[in-house]
Each structure stands twice: as structure tokens, then as C-alpha cells.
Amino acid sequence: MYQEQQADTSDPAKSEDLEKSSLVDIYKILASSPEGLSSAEANARLEKFGRNELVSKQISGWMKFLLYFWGPIPWMIEVAAILSAMIGHWTDFAIIMTLLMYNAISGFWQERKAADALAALKAGMAPKARVLRDGQFVAIAAAEVVPGDIIRIKLGEVVPADVRFVAGDYISIDQAALTGESLPVSKKVGDSGYSGSIAKKGEMTAVVISTGNNTFFGRTASLVASAGQGATHSQKAVAQIGDFLIILSLILAFILVGFELYRDIVVAHNWHWSELVDILRMVLVLLIASIPVAMPTVMTVTNALGALALSKKKAIVSRLEAIEELAGVDVLCSDKTGTLTKNELTLGEPILFGQVDAQTLILGGALASQRDGDDVIDQAVIAGLKQPEVLDKYKQSKFVPFDPVGKRTEGHVTDAQGNALKFTKGAPQVIIDLCALDTKSKTTAEQAVTDLASKGMRALAVAKSTDEGKSWSFLGILSMLDPPRDDSRETIQRAKEHGLSVKMVTGDDIAIGSQISEQLGIGSHLQAASDLFNKDMDMSHLSDRVSECVEKAEGFGRVFPEHKYAIVKALQDRGHIVAMTGDGVNDSPALKQADCGIAVSGATDAARAAAALILTTPGLSTIIDAIDEARMIFERIINYIIFRVAMTLDIMFVVVLATIFFGFSPLTPVMIILLALLDDVPIMTIAYDNTLLPKEPVRWNMRRLLLGSSFMGLLSVIQTFGLLMIGMEWLSNPEWQSWIRLTQDQLQTIVFLQLVAGGHLLLFIVRSRSYFFSPPWPAWVMFLAIVGTQALAVLMCGFGWFVTAIPWSIIGMVWLYMFVWMFILDQVKLAVLRKLARDKKRLVV
């Protein structure tokens, strides 16, 4: 019987039955009793069902590292390295392999820093538990607790597994980190308790109903493990760029090899196998030209420097790709308790009865509290006193704590005149009945409680007795709320100005959430999660109807961890890029699934480990600063990609066209490697560049990006091939040769210089959305890096370092040619931007 039930409890929907079944049925289903288990039975169950700890699949570190050598761009680099080795170009081989290893090592290191989410969740498990074994309570490791065990839980202890309370007066447990409820929850016999929650008051005995991954805590960990498994938008974009360049390079390589074979076999009738090496050399040149070798490195460095900038704004980045995701976020899902609110109960406006003033009412509540205790309600009431020292005039002789049955606290005090008094506070209905109010006063009090509830506020009634509790006088009602953070409303307004839709996601009731949501300007249309989701749903694959409801809602109440995960997933399925903020274990699955999970200040270890961005200062204002920084970083990366793809196309097409039309390669393999270094190494300083701040979310639009970069690449091909045609004419023109004599090797150097200079000048063009000489100006560090690179390239060409030297006069003419083309390209760019702007406006209209 037990074996069948335990198999069922692996399904959360089935384990729910154990939370609702009667205690008699629980004992029967679990084959247990109030006397607990024997050691032999416990060991048998431990062997059969496993230890009470989180089990997760682990991928070895070596496997994770090797995965960085798998993908479109790594494949291109690896094939280039193999071809270099086949034809003995060991210098090329060494440079290519160095860049390949750097890309892999940097990516692997960043992943390792963010791979501790499950470890943090495991650390939250209770280390010890007191279990009834063989008729006696003994302390054992929490990992050895099994379903059917009888355990005792007291003040300060962590609940080691999911349980049903079976004996004891009451216990109050804090499960805010699990469910998002802002106050400790009082439990009585028959109620459920969740693994990982903390006992704040009282002591009770309970029977274990679920352990390990089958607990509420464990299901959260399972969601964390399964969340966020897909590739990020950034990784998909890089893969698409790689696919685009691979396909293009294969087409061009096929054309190139076909042309060479046709010329050697059909036209010249002079084919030798030794010529295969020459063909491989040309293919190698083309392949190296097609690889954006430094693209992963440049993107990693740009993101890393962006992460450093964010750290200075008190935001720690644990997953670099999240910076680019943050730039495109259009929906911000925010937890309420501790994120939008202070997670501190405070008193609202008191509701007075009779001749009592506000401070007298609060004093009555304070005298029914335990001054030196840690109860959050007691402390909130005492904090409401303008002069807390007034309590010194009273001596408390007895304090009766809150219990789920009586639903009130009671303080026995003596005042300065020696009068014995009693004060009580608690559930309004209980206090109203205790005071035997007349019909009118009772109706007024009940209406006041209803009004407070509609505003999402908690009500606490206070009464006083001067005759040893024989009769009670009703003093009034205290309202309590968890107030919003001081900067929350401003932050949400700024978020909306940045094009973000903000949705509140809370474990609290709808009324409480709606009140706070409306105060903050989010909206009052909150949806009860239980109305949208049920246990039978696959939270990873929701229906279109549910997803549409999620998209339209302004927030959600009564939310459980799997609901938060489902909300984020549904929004992603609707095409949104989602940021999720939170601070508790219950937020971890959604934080990891979100495109950018944000753990706020004071978050649990599990939340911080699952998040991509960790805030170290209270409030959410840092998020908007982070979004601004992320959008500028994204703009820099887009500028780099347009430049890099355009230059790659330029080099590839010029190599193929020159081979077909002129019968020689315009670049040597060494030149192409040097081009990659001279173009990309200084461009890493683009991370410091000044860019315009986009007002709306920005995301990867691959069609537009590839079309734009291909168009600029086509113009660059015309530019470079035009110079090559001039050079070929120069070689064949005796008059020009008599003026300045050039060789074919020198023409290769001229093309090399043009590509080095043209690439960086093209960057100055594409980085601006106006004329290239308009603000924002390039950052000095980038400008000086580019100027230094150009000076080095000029010296290399003038003095013949690694390339054949060319006359200084030719260098000057190449630069003049480049400046003319710079203005031409800039005018074409502006025309294209105006066309795109008109098309976008037409679509909006």
C-alpha cells in the first residue's frame, strides 16, 4: 500500500492528496502510526526511496568545457585550423587555435560562476531532525528522514520535510521564502508544513508525507533545474550569424574550387594532384576570411566590461548573456513581499471606538504584546507608539501568546497606581464577541474590518478589562500593512517610460496585492493564479487561452513557485523578453527561467544563485540604471556585428572575385590573420564607446541585422574591388608603372591596407545613427586604439613588416581613396535609415 502511494507522490498532483487526506487515512496510506517507525523499517524505506535530499543530474566539467568547441563558429575555426595543419601553415594554426581556446575558456569560466543554483537550494535543507524511532525521539541527519516518520519541530528549527501536524497546541512557521507570504503562518493539528520553512513559535509533532525531490521545496528545485535550459537570444543570434557565414562561405568555396578545376582540367588540360595543395590553400584563405574569429571574444569582453560598469552601480552580473537580454526586456515581473514592499509590518490609520484616542488604542495593543519577543505583529504595534517609554509605567505579570484556536493574545499588567488590568488583541470577530458589543457598534466594527480587507489591509482588534476579564471594553481596530518601498512607485514609472510593462506576482491574497499594485501605479487587475493554473497542467506548455490571460493581467495573487515559472514561460511563449525580480526560494524557478532573473537585495542564496543579476542595494531603482547600461552595451555589440559581418563579406567576395577575374589571391593567409587581429583587438575598446540611449527595448532582429550588414558589406566589396581593379590596371599600364612601379605582391599589401583602414572607418559610420561626425563622439579610448592601429598598419606597409613594402605616396593615395568612400558610405547609410524609419511609421499608422 505504502509503495504504491510513494510512487504516486512523485507526481505533485498526487502528493496534494496527502495534504488533504484525514490523519487517519494518512497513517493508513503511509503504513505508519503515532508511535513512529522502527529503525529497521526506516532503513528499508531509506534504501527503497532514497535520502531526503535534492537529486540532480550533473554534467562533468570536462563535458561542459568541450561543448564550447561545438557550434557553427567553433566548427569554422576548427576546419580552418585543420586545413592550416594539412598544408603546413603552422603560424596560422597556432594563432587560430589560441583564439579558439580563449573563446572556450572565457565562456566556460563565466558559466561556472553561475552554476550553483541547486547547491544553494541544497544548503537550505534542514541539517538535523528529531525523529520518533523505536519509541524514542532521537536526533538524526535530516537526509535520513523517510515518509511515515514522526518528527518533533520546535522554535528555531527548520522543517526537514513536507509534513502534516498531528499533535501539539500550535506552531507558527515562517514560509515566506517558499510561498511569498509576508507573515508567519500559524498551524494546528491537521495542517500541512513545508520543507525548508522555519518554526518561529510553539512546538508540534508531525508525520512526514514527502521527502527529497517530492517535497514542495524539492519541486521548486526541480523547476530550477529544468528552467532556462534553452539557448539565450544572444546565443541564437551568434549561431544564426555563424550559419549565415558558413552557408555563404561554402557557396563561395564551391564556386572557387569549381572555377579552379574547370580552368586547370577543361581549359588548360594540365591537372596534377600537387595542385590540390594550391586549391586547399585558396580554400583556407577563403575559410579564414569567412570566420569572425574574434566575435565571441569581443562579445565576451564587451559584456564583461559592461558587467564591471554595472557592479559600480551595485548590480552584480552572474551570467554575461543576461546583459543583452536585459536590453530587450519588455515585461518586468516583480515579486511583492520584500521587493516592491519593505517586508515590514507597520500600522495604518487606527479606527477608534468611544472616547479613546489613537495612542491609547495603540498602547492597549502594545500591552497585549510581548515587548522583548520577536513576533513581527507585536513589534509593529509597539513601534506605532510615539513614546515607547510609556510602557515602562506598566509591569507585565503574564503574557498569553497567540494560538490558532483562541486567535488572540492577552497581557496581564499593573499600572503605576497598582491597578490590575488586562489587554487583549487579535482577530476582530473574536474580540468583538468577547466585548459583547451592541448591534450598532458591532455592525460598525464589522464594516470597518470589511473595508480594510477590501483595501488589502490586515485588521487587529484591541480590548481592555479592569475586572480580571469578567467584562471587556472595545478600544478599536488597528490596521496593518506591509508598505511599499519608498522608491518603488518612482521605479515603476521609470520602467514604463522605458517601454516596460510591469506585472506584480505575489503569494499574498488578491486584495492585498491589488491594494499595493494600485498604489504603485501598476494597476488593480490582479488575477488569482489558482483560477488560471491547476495541478494537472504542464506548466512548460500552456494553452493559448491561458497564455493570453497571463499577458493581459496586470498581476497575480495566491501564486506558488510553479505558477511563477508558468507565468514567465507563458509570457516568453507570447514573444516577450521577461525580467523577473524576487528574493525567496519560491522565486528561484522563475528567476532562472526568465530571460533576466534579478535577485533583489537581501535575497536568499537560492534566489541569488538562480538569478542572472543580483542587486546589492535595497529597492528596484538600480534595475532601470542597469537597463540603461544594458541597452548601450547592446548598441555597441550591434555596431560591432554590423562592422564585422560587413568586413567578413568584403574579404570573402574580394578573394573569390579576384581569383576568378584576375587569377590570383589578393590576400595571403598571414594577411587575413593580421586583419583579424588589427581589426578586432582594438575594437574590443568598443565596450567603452559612447552611444545613444534607446528609449524602447532593443532586441535581436536578425533579418534586419543581416540585411543591413550585408548591404554595407556589398558597398565595401565595391569599394575594395574598385581599388583592386585600379591596381590591376596600374600593373598593366606602362605609363603608370613608369611613375610608381608596383608588383603583384605590393598590390596585395595595398588591398591589405585598404581593408585595415576601411574596416575601422566603416565602424565610425555604422556606430552613428546620423552623420558619422555627429555626437555622440567616439570614446577616447576607442578612438586612440583605432588611430594607434592605423599608425601600426601604415608602418607595416611602409617598412615591410610581415607584408611587402609599398611606397609612402601609394599609402597616401589609399587613404585619400578611403576618405572619399567614407562620405559616400555615410550618405548611403542615412538614406537607408530614412527608408526604414518611413516603413516603421507606415506600419504603426
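Residues numbered from 1 in each chain as written. Predicted model: local features only at pLDDT ≥ 70, side-chain atom pairs only at ≥ 80, totals over all residues. Heavy atoms only, no water.

Visitor: Go over the overall build of the protein with me, naming the residues and quoting the values.
Guide: The helix and strand tally for the protein stands at 33 helices and 23 strands. For the protein, the proportion of contacts with a sequence separation of at least 24, taken over those separated by at least 6, is 72%. For the protein, the exposed surface amounts to about 36600 Å²; the carbon and sulfur share of it is 59%. (Helix = DSSP H or I, 4+ residues; strand = E, 2+ residues; numbered from the N terminus. Contact = heavy atoms within 4.5 Å. Areas by Shrake-Rupley, 256 points an atom, 1.4 Å probe, with all protein chains shown as cover.)

Visitor: Explain the nonpolar core residue by residue, including any values.
Guide: One broad rule of soluble globular proteins: the nonpolar side chains tend to lie buried together. The biggest cluster of nonpolar side chains holds 121 residues, and the ones touching the most others in it are Leu 326, Leu 613, Ile 641, Leu 667, Trp 700, Phe 752 and Leu 753. Considering every element that reaches this core, the biggest residue donor is helix 27 (residues 621–662), with 23 residues. In this structure, Leu 542, Ile 567, Ala 590 and Ala 610 belong to the second largest nonpolar core, which totals 30 residues. (Core = buried A, V, L, I, M, F, W, Y, C linked by side-chain atoms within 4.5 Å. Buried < 20%, exposed > 50% of the residue type's maximum accessible area, 1.4 Å probe, protein only.)

Visitor: Describe in detail the packing of aromatic side chains, supporting the description with residues and values.
Guide: Across all of its chains, the model carries 15 aromatic pairs by this definition. With 4.9 Å between their ring centres and 90° between their planes, Phe 353 and Phe 474 make a pair best called edge-to-face. Within this pair, whereas Phe 353 is found in the loop between strand 12 (351–352) and helix 16 (358–367), its partner Phe 474 is found in strand 17 (residues 473–481), the two being separated by 121 residues in sequence. Judged by relative accessible area, which is 12%, Phe 353 ranks as buried. Residue Phe 474 is classed as buried on the basis of its relative accessible area, which comes to 9%. On the numbers, 5.6 Å between centres and 25° between planes, the contact of Trp 730 with Trp 739 is stacked. Assessed through its relative accessible area of 58%, Trp 739 is described here as exposed. Against the face of Trp 472 rests Arg 408, its NZ or CZ located 5.8 Å from the ring centre. The lysine or arginine in question, Arg 644, covers the ring of Phe 643, its NZ or CZ lying 5.5 Å from the ring centre. (Phe/Tyr/Trp six-rings, centres within 6.5 Å; stacked < 30°, edge-to-face > 60°. Lys NZ or Arg CZ within 6 Å of the ring centre and 35° of its normal.)

Visitor: Can you tell me about the sheet that holds strand 20 (residues 555–557), naming the residues and giving the values?
Guide: Across the sheet, 8 strands lie side by side as 9-23-22-21-10-18-20-19; this open sheet has mixed pairing. Of all strands in the sheet, those with a lone pairing partner are strand 9 (315–317) and strand 19 (526–528), marking the two edges. The average angle at which neighbouring strand axes cross in this sheet is 20°, direction not considered. Where strand 22 (residues 596–599) lies against strand 23 (residues 613–615), 2 bridges are found, and the strand directions are parallel. Pairing of Ala 599 across the sheet is with Ile 614, part of strand 23. Its contacts with the sheet put helix 27 on strand 9, strand 21 (578–582), strand 22 and strand 23, and the angle it makes with strand 23 is roughly 140°. (Pairing = 2+ DSSP bridges. Axes fitted to C-alpha atoms, helices over the stretch in contact; angles between N-to-C directions.)

Visitor: Break down unusual backbone geometry for me, citing the residues and quoting the values.
Guide: Cis geometry marks the peptide bond from Pro 775 to Pro 776; its omega dihedral reads 0°. If you trace the backbone, Pro 776 turns up in the loop between helix 31 (744–766) and helix 32 (780–799). Even without a glycine there, the phi angle at Ala 31 is positive, about 55°. Within the fold, Ala 31 resides in the loop between helix 3 (23–29) and helix 4 (39–49). You can call Ala 31 partly exposed: its relative accessible area is 45%. A positive phi angle is found at Ala 436, which is not glycine, with a value near 50°. Positionally, Ala 436 belongs in the loop between helix 18 (428–435) and helix 19 (439–454).

Visitor: Which residues make up the packing of helix 28 (residues 669–683) against helix 31, and what values do they have?
Guide: The N-to-C vectors of helix 28 and helix 31 enclose an angle of 20°; their axes lie 10 Å apart at closest approach. Taken as axis vectors, helix 28 and helix 31 run roughly parallel relative to one another. Remark: the crossing between helix 28 and helix 31 carries right-handed chirality. Each of Met 671, Leu 674, Leu 675, Leu 678, Asp 679, Pro 682 and Ile 683 in helix 28 lies in contact with helix 31, whose residues at this interface are Gln 748, Thr 749, Phe 752, Leu 755, Val 756, His 760 and Leu 763. Residue composition of the contact of helix 28 with helix 31, by class: 10 nonpolar, 3 polar and 1 charged. (Parallel < 35°, antiparallel > 145°, perpendicular 65-115°, else oblique. Left-handed = near helix turned anticlockwise from the far one by under 90°. Nonpolar A, V, L, I, M, F, W, Y, C, P; charged D, E, K, R; others polar.)

Visitor: Could you give an account of helix 16, with specific residues and numbers?
Guide: Note: α-helices contain 3.6 residues per turn, so residues at a spacing of three or four share the same orientation. With 7 of its 10 residues buried, helix 16 lies for the most part within the structure. Every buried residue of helix 16 is listed here: Leu 361, Ile 362, Leu 363, Gly 364, Gly 365, Ala 366 and Leu 367. Residue Asp 357 occupies the N-cap position of helix 16, its side-chain oxygen lying 3.2 Å from the main-chain nitrogen of Gln 359. (Polar contact = N/O pair within 3.5 Å; in protein donor to acceptor, adjacent residues only side chain to side chain.)

Visitor: Can you break down the environment of Leu 762 residue by residue, with the values?
Guide: With respect to the element layout, Leu 762 can be found in helix 31. Distance from Leu 762 to Ser 716, taken between C-alpha atoms, is 8.6 Å for residues 46 residues apart in sequence. Dropping the residues within four chain positions of it, Leu 762 is found in contact with Phe 643, Ala 646, Met 647, Met 712, Ser 716 and Leu 825.

Visitor: I'd like to hear about the pattern of salt bridges, residue by residue, with values.
Guide: All told, the structure shown has 17 salt bridges when counted by the stated rule. Note that Asp 149 and Arg 133 form a salt bridge whose closest N and O atoms lie 2.7 Å from each other. Taken as a pair, Asp 149 in the loop between strand 2 (136–141) and strand 3 (150–154) and Arg 133 in strand 1 (residues 128–133) lie far apart in primary sequence, 16 residues in all. Assessed through its relative accessible area of 0%, Asp 149 is described here as buried. For Arg 133, a relative accessible area of 10% gives the class buried. Residue Arg 636 is joined to Glu 629 by a salt bridge in which the shortest nitrogen-to-oxygen separation is 4.0 Å. Grouping residues by exposure puts Arg 636 and Glu 629 together as buried. (Salt bridge = Lys/Arg side-chain N within 4 Å of Asp/Glu carboxyl O.)

Visitor: Can you lay out the side chain of Asp 378 for me, pointing to particular residues and giving the numbers?
Guide: Tracing the backbone shows Asp 378 in helix 17 (residues 376–383). According to the relative accessible area criterion, Asp 378 is buried, its value standing at 3%. Apart from the residues lying within four places of it in its own chain, the contact partners of Asp 378 are Ser 369, Gln 370, Phe 399 and Lys 425.

Visitor: Quick rundown of a nonpolar patch on the surface? Include the residues and the values.
Guide: Judged by side-chain polarity, Val 670, Leu 792, Leu 795, Phe 799, Trp 801, Phe 802 and Trp 808 come together as a nonpolar surface patch covering roughly 730 Å² of accessible area. Ranked by residues supplied to the nonpolar patch, first place goes to helix 32 with 3 residues. Relative to the elements of secondary structure, Trp 808 occurs in helix 33 (residues 808–844). (Patch = residues over 30% accessible without salt bridge, like charges linked within 9 Å, V, L, I, M, F, W, Y side chains within 5 Å.)

Visitor: I'd like a rundown of the environment of Ile 651, residues and numbers included.
Guide: By the secondary structure assignment, Ile 651 is in helix 27. Using a relative accessible area of 3% as the deciding quantity, one classes Ile 651 as buried. Residues Ile 651 and Ser 716, spaced 65 residues apart in sequence, show a C-alpha to C-alpha distance of 9.1 Å.

Visitor: Would you mind going over the packing of helix 27 against helix 31 in detail, with residue names and values included?
Guide: It is the contact of helix 27 with helix 31, at a shortest axis distance of 9 Å, that shows an interaxial angle of 145°. Crossing geometry of helix 27 relative to helix 31 is assigned as right-handed. Residue-level inspection shows Asn 639, Ile 642, Phe 643, Ala 646, Met 647, Asp 650 and Ile 651 of helix 27 in contact with helix 31, the latter providing Leu 755, Gly 758, Gly 759, His 760, Leu 762, Leu 763 and Val 766. Here the contact of helix 27 with helix 31 is composed, by residue class, of 9 nonpolar, 4 polar and 1 charged.

Visitor: Hey, could you go over the side chain of Arg 636 for me, with residue numbers and the actual values?
Guide: Here Arg 636 lies in helix 27. Aside from chain neighbours lying at most four places away, what touches Arg 636 is Glu 629, Ile 686, Ala 687, Tyr 688, Asp 689 and Thr 691.

Visitor: Could you give me a rundown of the confidence of the model for the protein, with the residues and numbers involved?
Guide: On average, residues of the protein score 82 in pLDDT, and 86% of them are at 70 or above. Low pLDDT, under 50, characterises residues 1–16; the predicted model gives this stretch 28 contacts beyond four residues in sequence or across chains. For residues 117–122, every residue scores under 50 in pLDDT, and the model assigns this stretch 17 contacts once sequence neighbours within four places are set aside. (pLDDT = per-residue confidence, 0-100.)

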